[in-house]
There are 2 protein chains.
Amino acid sequence: MGELLNRLRRNTMCGELRESNVEQKYTVMGWVQRKRNLGGLIFIDLRDRTGVLQVVFGEEINKEAFEIADTIKSEYCIAITGTLYKRESPNKNIPTGMVELKGESVKILSESETPPIYIKENLDAAENIRLKYRYLDLRRPDMQRNFIIRHKTAKIVRDFLDENGFLEMETPMLTKSTPEGARDYLVPSRNYPGKFYALPQSPQLFKQLLMVSGFDRYFQIVKCFRDEDLRANRQPEFTQIDMEMSFVEEDDVIELNEKLIKRIFKEILDVDVQIPIERMPYSIAMEKYGTDKPDLRFGMEIVNITEEVKECDFKVFRGAIENGGSVRAIKVENCADMGRKKIDKLSDFVKNYKAKGLAWIAYRENEIKSPIAKFLKEEEINNIINKMEAKKGDLILIVADKNSVVLQSLGALRVHMAKELELLKDNKEFKFVWVTEFPLLSYNEEEKRYQAEHHPFTMPMDEDIKYLETEPGKVRAKAYDIVLNGEELGGGSIRIHDSKLQEKMFKVLGFSQESAWERFGFLLEAFKFGPPPHGGLAYGLDRLIMFLSGTDNIKDVITFPKNQNAFCALTEAPNVVDEEQIKELGIRTK
Amino acid sequence: MGELLNRLRRNTMCGELRESNVEQKYTVMGWVQRKRNLGGLIFIDLRDRTGVLQVVFGEEINKEAFEIADTIKSEYCIAITGTLYKRESPNKNIPTGMVELKGESVKILSESETPPIYIKENLDAAENIRLKYRYLDLRRPDMQRNFIIRHKTAKIVRDFLDENGFLEMETPMLTKSTPEGARDYLVPSRNYPGKFYALPQSPQLFKQLLMVSGFDRYFQIVKCFRDEDLRANRQPEFTQIDMEMSFVEEDDVIELNEKLIKRIFKEILDVDVQIPIERMPYSIAMEKYGTDKPDLRFGMEIVNITEEVKECDFKVFRGAIENGGSVRAIKVENCADMGRKKIDKLSDFVKNYKAKGLAWIAYRENEIKSPIAKFLKEEEINNIINKMEAKKGDLILIVADKNSVVLQSLGALRVHMAKELELLKDNKEFKFVWVTEFPLLSYNEEEKRYQAEHHPFTMPMDEDIKYLETEPGKVRAKAYDIVLNGEELGGGSIRIHDSKLQEKMFKVLGFSQESAWERFGFLLEAFKFGPPPHGGLAYGLDRLIMFLSGTDNIKDVITFPKNQNAFCALTEAPNVVDEEQIKELGIRTK
């Protein structure tokens, strides 16, 4: 068995051979994609990472090879030597379709049982089977492509950041649990029974310390961990492109990253990203799109019609306005004829976002139809239509409630309508936007205190620092998210580098000086020794690769992902361990 | 504070300025390395990642800047704008020594307390202080250099492997505990109380699965974990350059890696590594150097003199030989005059390796001096001298015992003598050797069973497979270590890709079929589906960077290392966590 390769060296990959290579001898190695007996010949499609090559065996080409080929089945791993010829009936669907190899010898490197899943593109098999036999699932050409894209993207990122003076530096995986975030994965310490390491949720504190150390520009492509109940497209371990720069302001971070994004999309997809990328303050994003992750591939912006209806007789509108809320709407073009049932479904949809209902005005060819028409004056209806810039054939969908509910539900409805109307089918359209001027803090109603929107090290905007202690809710942050097609690709901020300001920030967050020092003492201590101004950004690499691969399933871009219960169907992790191992850690299982 | 940089952009790094740049205006930012008042002028050495630049402030250059400069102290972080001039008294010790910046304005970006350690090269401070204030320790130029080397080395590795068709792919950090290795770090699962993930000791199984998936060539620069009591230069988390290739034999892996090594040493150190690198079978390495990590920078090989003394009257020699052991020696040139006390110390030294004592023959100008001369015939002494090829002035050091003790103690003594005699002072000498033909298995006397020397997936040598079940101890492996100056830099093997052979291997290792499947079932299962022949190699990146940086302390090449108790003095990890967090995991601390 071990001798199989001793006298045999592959000298080409399957996908590389073209007409210019004919009449030369090649040795290829790979897997049997398909085998057919046809007119006394045996045809094998041999597959490797680069593609598929047709090989033909015949008694007249080589009898021994023909006989061995006859015993070969799908997914056998084999080595073939032969001469390349032009194909009589070319296959224009594959790059090697003009040629075929005439098999002069063949070796079976290893046999295969019948695989439990098909090795083909766009497989529609049950996920648990795909995950259990992940090594077969990964043989599928679309999966192979995803990981080639992942490799190339990481390479581009590293090349670009290296060219721009960044050092890739590793930070610890076994570190300290820092509250104020998601739940940590814990690692019991054997040397200090009862104490734990935490796996990092991000290298945030360490990268800031590296700036204090004067490394100037740092990056890392690094695993991060969150022990959260998994929503779709979340994994317990995920990968960040993490970077930090010294002596910079927002513009520096943003401009550099625009160049990086442009390079990635050009090299991977041949898509030209226009830079500078639009910047949109958080408040505008919320106002027009009801979200801090606006999808700009289509319009249908939210419009405030409070002014138009503030004196109307419709109690729902009046009540919302009187309680400090608002009335807002989106315009769905060419949908004025939407049936009642469909509209009822939309009404159900917004109820998921706590809206009490959905009002509507259908501006039809011959009539204006609306269940609220009876409560509104004709002038008021016309004012709404004018404000919405609606044309005949358009449908206006209206929500009235407190602002947060109105914006959130209409924002979601907007995206929902775009999907329903199939406005997002062009998967080569990439609309980027920087969302900026985020609120620094948000008020946690339950805990009756402010909490950091981004994280507690984020720098307030210069002009808002004065409100930090008096009106914390008013303070905007030097924070920025890069949003692509309605999803957050990454985010970052300029950090506080002044320990006095940092302490003030902790005070606003309701930490006593003692508890702030207990949690982040080493950072505050470090800030006593000439920290540079600094800021950075982190991307979710998995999310980025999803965009570049055109998949909407995060499991398609992670080699060995976990399922919704953070369980690995392949290795069956987590699993029981020896009692002895647990004992050594000074812990007991219940 | 936030406004500090708004109107100020750095346009050069400190270490970049030369005579060709004079009479131009620059803004530099960095840390105050040193400040002197001299003849009414203030001189500041400003430091950033690239080096140091002298800046001079004077009342006549700019009064305001001069006054601010007067308040500045060591390690303040500042920004200076000024014009570059040629220096009147150049400093030839630094690259920027021909020029100085005349400070026209200066901004204090942040102040610094007096640092608890000096920010200078080759600091001789207590390690615990250095680790506690790691962010200051990392400001020291020698530490900065180490991490620049680390970044560059990783970049070279990635570029090289990318050029050679490798894909960088990530494998899971939260995985299954696999016994038969070091102790795992465990991560309790919240979803499955009582069950645990393990942090990987290496991506071994996953990289083999990626080969089964047809990715052909994989690599990863990846964190690995071992919960072991820390010896010097070990860390609980360490970094591997891990690679695996399909359709290869040993020569392919070795030849590729020789090119990689050559590239790294050329680009980082401008050292030419001669390839092909010498290969030495394990048995020769043991025989001549008493170790599988031979240091070839000097001779002093071990010589077997059993034949020469087998009939002598010296009971110690005769006894060792009769018990199946041997008598062996090393020759230390020009040390025949070594004093008795020194020789006694060497005797104590070998006792650490279980040798019972050290015999010696000093071949002096006018006499042959030896405590064992009285037991040996003159002819026997002459035979020893001849066999050792000793010249007048040489000292022969002899150990007699069972073979393992003789070889180990003389191997250690050989290296010890080289250090004593300062034969290893040239730190630009790099002697590589591949050690090959390792034993596949070793017999564990305690557990009365064979265990894998490398790991249980290593392929036996073709010509030895026949001994696998009958004489397992005789079987050599297709395994190879790359050794540099007596230290293992990396190692790997060709893997078994035949599930029948793999099962046989497990049987030899004493696993029942059931327990083998329980532990490695998913790999055995994967091998049913056409696994390709494959093999690989992994380097210890930290160790490699130590060589390239010229440090013998692993902590000098890891950003935030742990101490001997796996404790981080900076963050104080591991630490206590909320009781609530522990409860959620279904565990209790004792």
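Everything numeric here is computed off the predicted structure, so don't read it as measured data.

1. Focus on the overall build of chain A
Phase 1: Looking only at helices and strands, one finds 16 helices and 23 strands in chain A.
Phase 2: Projected onto the principal axes, the alpha-carbon positions of chain A cover approximately 90 × 75 × 50 Å.
Phase 3: A total of 590 residues make up chain A; the buried ones form 59% of that total.
Phase 4: The contacts of chain A with a sequence gap of at least 6 include a subset with a gap of at least 24, amounting to 67%.
Phase 5: A total accessible area of about 25300 Å² is found for chain A, and carbon and sulfur atoms account for 44% of it.
Phase 6: Averaging the positions of the 89 positive and the 97 negative side-chain charges in chain A gives two centres separated by 2 Å.

2. Remarks on the pairing of strand E20 (residues 479-484) of chain B
Residues and elements named next belong to chain B.
Phase 1: With six of six residues buried, E20 lies mostly within the body of the structure.
Phase 2: Side-chain alternation along E20 places Ala479, Asp481 and Val483 on one buried face and Tyr480, Ile482 and Leu484 on a second face that is also buried.
Phase 3: Pairing of E20 with strand E21 (residues 487-494) involves six bridges; the strand directions are antiparallel. Bridged to Leu484 within E21 is Glu487.
Phase 4: Connecting E20 to the next strand, E21, in antiparallel fashion are two residues, including Asn485 with a positive phi near 50°.

3. Details of the packing of aromatic side chains
Aromatic ring pairs are defined here through the distance separating the ring centres and the angle between the ring planes.
Phase 1: Within the structure shown, the criterion is met by 40 aromatic pairs over all chains.
Phase 2: Ring geometry for A:Tyr185 against B:Tyr197: centres 6.1 Å apart, planes inclined by 85°, an arrangement best described as edge-to-face. Of this pair, A:Tyr185 sits in the loop between strand E6 (167-168) and strand E7 (186-188) while B:Tyr197 sits in strand E8 (residues 196-198), on two different chains. Of the two residues, A:Tyr185 and B:Tyr197, neither departs from the other in class, the shared state being buried.
Phase 3: Aromatic side chains A:Phe567 and B:Tyr192 sit 5.7 Å apart centroid to centroid with 50° between the ring planes, which places their arrangement in the tilted category. Of this pair, A:Phe567 sits in the loop between helix H15 (541-549) and helix H16 (579-584) while B:Tyr192 is found in the loop between strand E7 (186-188) and E8, placing the two residues in two different chains.
Phase 4: Judged by its relative accessible area of 25%, B:Tyr192 falls in the partly exposed class.

4. So, the domain arrangement of chain A
Phase 1: Domain boundaries in chain A define domain 1 (2-110) and domain 2 (298-420).
Phase 2: A separation of 64 Å is found between the C-alpha centroids of domain 1 of chain A and domain 2 of chain A.

5. Observations concerning unusual backbone geometry
Residue and element names in this part refer to chain A.
Phase 1: In the segment running from Ala573 into Pro574, the intervening peptide bond is cis, with an omega of 0°.
Phase 2: Positive phi, close to 70°, is recorded for Glu23, a residue that is not glycine.
Phase 3: Summarising the element assignment, Glu23 is placed in the segment before strand E1 (25-38).
Phase 4: Its relative accessible area of 65% is what places Glu23 among the exposed residues.

6. A short note on the UniProt feature "binding site: ATP" (unreviewed entry) in chain A
Phase 1: The residues that UniProt annotates with the feature "binding site: ATP" (unreviewed entry) are A:Arg226, A:Asp227, A:Glu228, A:Gln235, A:Glu488, A:Gly540, A:Leu541, A:Asp542 and A:Arg543.
Phase 2: With respect to the helices and strands, the residue A:Asp227 is situated in the loop between strand E9 (217-225) and strand E10 (237-246).
Phase 3: On the basis of relative accessible area, A:Asp227 is assigned to the buried category, the value being 3%.
Phase 4: The contacts of A:Asp227, once residues within four sequence positions are left out, are A:Arg183, A:Asp184, A:Tyr185, B:Arg190 and B:Leu585.
Phase 5: Summarising the element assignment, A:Gly540 is placed in strand E22 (residues 534-540).
Phase 6: Other than its neighbours up to four places away in sequence, A:Gly540 contacts A:Thr239 and A:Leu489.

7. Observations concerning the interface of chain B and chain A
One frequently used descriptor of interface size is the decrease in accessible area upon assembly of the parts.
Phase 1: Taken together, the contacts link 130 residues of chain B with 130 residues of chain A.
Phase 2: Together, B:Glu170, B:Phe247 and B:Phe529 form the three largest contributors to the area buried by chain B at its contact with chain A, with a combined 7%.
Phase 3: Between chain B and chain A we count 17 salt bridges in total.
Phase 4: Note that B:Arg9 is salt-bridged to A:Glu255, the shortest N-O span being 4.0 Å.
Phase 5: Seen at the junction of chain B and chain A, the total is 65 residue pairs in polar contact (both at pLDDT 80 or more).
Phase 6: With nine residues, helix H4 (residues 141-163) of chain B is the largest single contributor of residues to the side of chain B that touches chain A.
Phase 7: Counted by class, the side of chain B that touches chain A contains 60 nonpolar, 28 polar and 42 charged residues.

8. Brief notes about the relation of the copies chain B and chain A
Phase 1: Rotating chain B by 180° about the axis while translating it 0.0 Å along that axis superimposes it on chain A, leaving an RMSD of 0.1 Å. Taken together, the rotation angle and the small translation identify this as a two-fold axis.
Phase 2: Of the interface residues in chain B, 100% have counterparts in chain A that sit at the interface too, so the contact is made through matching surfaces.

9. A look at the pattern of salt bridges
All names here are of chain A.
Phase 1: Going through the model one piece at a time under the given rule, you end up with 109 salt bridges over all chains.
Phase 2: Of the charged contacts in the structure, one is a salt bridge between Asp401 and Lys356, with a shortest N-O distance of 2.9 Å. On the criterion of sequence distance, the pair formed by Asp401 in strand E16 (residues 395-401) and Lys356 in the loop between helix H10 (340-351) and strand E14 (359-363) is long-range, its members being 45 residues apart.
Phase 3: On the accessibility criterion, Asp401 (9% relative accessible area) is buried.
Phase 4: One continuous salt-bridge network, built from bridges that share partners, spans Arg130, Arg134, Asp137, Arg140, Asp142 and Asp556.

The rules behind these values
- Residues numbered from 1 in each chain as written.
- Chains lettered and ligands numbered in written order.
- Predicted model: local features only at pLDDT ≥ 70, side-chain atom pairs only at ≥ 80, totals over all residues.
- Heavy atoms only, no water.
- Helix = DSSP H or I, 4+ residues; strand = E, 2+ residues; numbered from the N terminus.
- Buried < 20%, exposed > 50% of the residue type's maximum accessible area, 1.4 Å probe, protein only.
- Contact = heavy atoms within 4.5 Å.
- Areas by Shrake-Rupley, 256 points an atom, 1.4 Å probe, with all protein chains shown as cover.
- Lys, Arg positive; Asp, Glu negative; His and termini not counted.
- Charge placed at Lys NZ, Arg CZ, Asp CG, Glu CD.
- Pairing = 2+ DSSP bridges.
- Phe/Tyr/Trp six-rings, centres within 6.5 Å; stacked < 30°, edge-to-face > 60°.
- Domains from an automatic or database assignment.
- UniProt positions renumbered as here; feature names shortened; annotations may be inferred.
- Buried area = accessible area lost by both parts, 1.4 Å probe.
- Salt bridge = Lys/Arg side-chain N within 4 Å of Asp/Glu carboxyl O.
- Polar contact = N/O pair within 3.5 Å; in protein donor to acceptor, adjacent residues only side chain to side chain.
- Nonpolar A, V, L, I, M, F, W, Y, C, P; charged D, E, K, R; others polar.
- Least-squares fit on C-alpha atoms with pLDDT ≥ 70 in both.

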